[in-house]
Amino acid sequence: MEMMKAFLYGTGLQFRMDIRSRTLLVTCYLVPLLFFAVMGGIFTSLMPEAGETLIQSMTVMGVSMGALIGVPQSLAEIYGTDIKKMYQANGIPLYFGLLSLAASAFVHLMIMSGIIALAAPAVFGARAVTQPFLYAGKLALFTAASLGVAGAAGLLVKNQAKLTMYCQIVFLPSILLSGIMFPADLLPGALEMFGRLFPAAWGYRLLAGAETGGTAALVLTGICLLAAALCGFLLKRIGTE
């Protein structure tokens, strides 16, 4: 019970700190919403049919950027500096930093996604979400999978300069090959298959309702579990250093 209270307090504190963080402010709000404001108008002007999936495509881009670009840098600041030693000196489990940051980022990304979902129909005439609770559940799964990959990256690479480069290497193809810019089936077969290695492709399929068999949900769940296992392993390794 005490640990849960400490976690909730730490998550709330992290949430308030993230509001003041330039990195997460830019990656979770400013750039995704600016991209939505600019590209939403371009997409719907050039391709009126893009309004059918505008919310989903802009949301996938925003969540991917906030998770893959913003979160790893913040994790590197925790586990690559003396903050880690403070955790150990005070008997705080090392996973506390990862979980509190991930929970805070999750809330921020859900808020950003909610802004897009509410604004797109009014501003660009996009098709509104018809089943908001089901959509929110799908969005939560995709966001969790993206944060899992981001968490593993932030724990694996300690050098912040290299981490920025690696995150860009993951982020750019995940967006370009996800299907949000143009239909993924227009890509060569090899590139389409490569794009399916990233959560963005499956997140877009899930949010846009491109399938009914539940494959995307199963894949994203598998990504969450694999990322959790990898993060646990990396935290144990960090604890022995």
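Since we're looking at a predicted model, the values are computed, not measured.

A count of helices and strands for the protein chain gives 10 helices and zero strands. Each helix and strand of the protein chain, placed in order from N terminus to C terminus, yields the pattern α-α-α-α-α-α-α-α-α-α. For the protein chain, the proportion of its 241 residues judged to be buried stands at 44%. For the protein chain, the computed accessible surface area is about 12100 Å², with 71% contributed by carbon and sulfur atoms.

On the surface, a nonpolar cluster with roughly 460 Å² of combined accessible area is contributed by L34, V38, I42, L46 and M47. Here V38 shows up in helix α2 (residues 22–46).

This part covers the environment of G222. Mapping G222 onto the fold places it in helix α10 (residues 215–239). What makes G222 partly exposed here is its relative accessible area of 26%. For G222 and A145, which are 77 residues apart along the polypeptide, the C-alpha to C-alpha distance reads 8.5 Å.

Bringing the packing of aromatic side chains into the picture now. Enumeration according to the criterion identifies two aromatic pairs in this entry. A centroid spacing of 5.4 Å and a plane angle of 85° characterise the contact between F36 and F124, whose relative ring orientation is edge-to-face. Here F36 is found in helix α2, whereas its partner F124 is found in helix α5 (residues 95–124), with 88 residues between them in sequence. Given the relative accessible area of 6%, F36 is considered buried.

Attention now moves to the pattern of salt bridges. Throughout the structure, instances matching the rule amount to two salt bridges. Across the salt bridge formed by E52 and R127, the nearest N and O atoms sit 3.4 Å from each other. Here the residue E52 occupies a position in the loop between α2 and α3 (54–79), and R127 occupies one in the loop between α5 and α6 (132–156), the gap between them amounting to 75 residues. Classification of E52 by relative accessible area gives partly exposed; the value is 45%. R127 sits in the partly exposed class, given a relative accessible area of 48%. For R196, the salt bridge goes to E192, with nearest N and O atoms at 3.2 Å.

Interaxial distance between α3 and helix α9 (residues 199–207) falls to 9 Å at its minimum, and their mutual angle equals 145°. The chirality of how α3 crosses α9 is right-handed. Contacts between α3 and α9 involve Q56, S57, T59, V60 and S64 on the former and, on the latter, A200, G203, Y204 and L207. Partitioning the contact of α3 with α9 into residue classes produces four nonpolar, five polar and no charged.

The rules behind each value
Residues numbered from 1 in each chain as written. Predicted model: local features only at pLDDT ≥ 70, side-chain atom pairs only at ≥ 80, totals over all residues. Heavy atoms only, no water. Helix = DSSP H or I, 4+ residues; strand = E, 2+ residues; numbered from the N terminus. Buried < 20%, exposed > 50% of the residue type's maximum accessible area, 1.4 Å probe, protein only. Areas by Shrake-Rupley, 256 points an atom, 1.4 Å probe, with all protein chains shown as cover. Patch = residues over 30% accessible without salt bridge, like charges linked within 9 Å, V, L, I, M, F, W, Y side chains within 5 Å. Salt bridge = Lys/Arg side-chain N within 4 Å of Asp/Glu carboxyl O. Phe/Tyr/Trp six-rings, centres within 6.5 Å; stacked < 30°, edge-to-face > 60°. Axes fitted to C-alpha atoms, helices over the stretch in contact; angles between N-to-C directions. Left-handed = near helix turned anticlockwise from the far one by under 90°. Contact = heavy atoms within 4.5 Å. Nonpolar A, V, L, I, M, F, W, Y, C, P; charged D, E, K, R; others polar.

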